[in-house]
Amino acid sequence: MSSKVSTIRPLYCGELARLSDVSADTIRFYERRKLLSPAARTSVGYRVFPPESLARVRLIRAGLAIGFSVAELADILRERNSGGAPCRRVRRMAAEKLAILEKKLRELQSWRRELRSTLFAWDRVLAKTPRGKQARLLETFATHPKTRKRIAGRGIQKRGEL
């Protein structure tokens, strides 16, 4: 869909969803989470959003894409809507997200090197293991000190964490 789509008339929920490339459920979710202003209702109860809602949904999608949570965006937009200027806080939050992402990338790169090394070692073991015999590859991996550290360090992650 072209990013140059504009409208001067109110948009039904489904229209806003289609133009934003999200589902109508997503639009209703954004409304419930106060990312979008409450929609007006037609006489038969259909949600009708102001035309500027299209730009707002695109802003929300962009914020989510770079790692902001729905709660963070709701808080930022609430401050902005009340006349505040959350720009410095947004910048600080984005920098924190970058630091977390960079740490995660270092961990993933380390994990990739470790897994490549493990696969190389497993290939040597498999080359010496007769067909039909167990090589017990997972057992050797499970006793590796870095694997134990990685398992111990992983708790249950919150939804939306990297």
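Nothing here was measured: the structure is a model prediction, and the numbers come from that model.

Caption draft 1: Looking closely at the packing of helix α1 (residues 13-20) against helix α3 (residues 53-65). Viewed as axis vectors pointing N to C, α1 and α3 meet at an angle of 50°, and their least axial separation amounts to 10 Å. What the angle tells us is that α1 and α3 run oblique. As α1 packs across α3, the resulting crossing turns out to be right-handed. Residues Leu 16, Leu 19 and Ser 20 of α1 touch α3, and the partners they reach there are Ser 53, Leu 54, Val 57 and Arg 58. When its residues are assigned to classes, the contact of α1 with α3 shows 4 nonpolar, 2 polar and 1 charged.

Caption draft 2: Main features of the packing of aromatic side chains. Scanning the model with the defined rule gives 2 aromatic pairs in all. Note on Tyr 12 and Tyr 46: the rings are 6.2 Å apart at their centroids and 90° apart in plane angle, and the pair reads as edge-to-face. Of this pair, Tyr 12 sits in strand β1 (residues 11-12) while Tyr 46 is found in the loop between β2 (40-41) and β3 (47-49), placing the two residues 34 residues apart along the sequence. Its relative accessible area of 43% is what places Tyr 12 among the partly exposed residues. Taking relative accessible area as the criterion, Tyr 46 reaches 53% and is therefore assigned exposed. On the numbers, 6.2 Å between centres and 55° between planes, the contact of Phe 29 with Tyr 30 is tilted. Over the face of the ring belonging to Phe 68 we find Lys 97, whose NZ or CZ atom lies 5.2 Å from the ring centre.

Caption draft 3: Inspection of the pattern of salt bridges at higher detail. In total, this model carries 10 salt bridges according to the counting rule given. The salt bridge partner of Arg 78 is Asp 75, with a shortest N-O separation of 3.2 Å. Residue Arg 78 and its partner Asp 75 are both found in helix α4 (residues 70-81); the two are separated by 3 residues, about one turn of the helix. For Glu 96, the salt bridge goes to Arg 92, with nearest N and O atoms at 3.3 Å. Residue Glu 96 and its partner Arg 92 are both found in helix α5 (residues 87-128); the two are separated by 4 residues, about one turn of the helix. The exposure class of Glu 96 is partly exposed, given its relative accessible area of 40%. Assessed through its relative accessible area of 43%, Arg 92 is described here as partly exposed. Salt bridges here are not isolated pairs; linked through shared partners, they connect Asp 75, Arg 78, Glu 79 and Arg 89.

Caption draft 4: Up close: α4. With 12 residues, α4 ought to run about 16 Å at 1.5 Å a step, and its terminal C-alpha atoms sit 16 Å apart, in line with that. Within α4, burial applies to Val 70, Leu 73, Ala 74, Ile 76 and Leu 77. Down the axis, α4 shows its buried residues gathered within 170° of arc, on one side only. Summarising the contacts, the buried residues of α4 are in contact with α2 (24-32), α3 and α5. Looking at the residues trailing α4, positive phi occurs at Gly 83, about 95°.

Cut-offs used in this document
Residues numbered from 1 in each chain as written. Predicted model: local features only at pLDDT ≥ 70, side-chain atom pairs only at ≥ 80, totals over all residues. Heavy atoms only, no water. Axes fitted to C-alpha atoms, helices over the stretch in contact; angles between N-to-C directions. Helix = DSSP H or I, 4+ residues; strand = E, 2+ residues; numbered from the N terminus. Parallel < 35°, antiparallel > 145°, perpendicular 65-115°, else oblique. Left-handed = near helix turned anticlockwise from the far one by under 90°. Contact = heavy atoms within 4.5 Å. Nonpolar A, V, L, I, M, F, W, Y, C, P; charged D, E, K, R; others polar. Phe/Tyr/Trp six-rings, centres within 6.5 Å; stacked < 30°, edge-to-face > 60°. Buried < 20%, exposed > 50% of the residue type's maximum accessible area, 1.4 Å probe, protein only. Lys NZ or Arg CZ within 6 Å of the ring centre and 35° of its normal. Salt bridge = Lys/Arg side-chain N within 4 Å of Asp/Glu carboxyl O. Expected span 1.5 Å × (residues − 1). Arc of directions from axis to C-beta.

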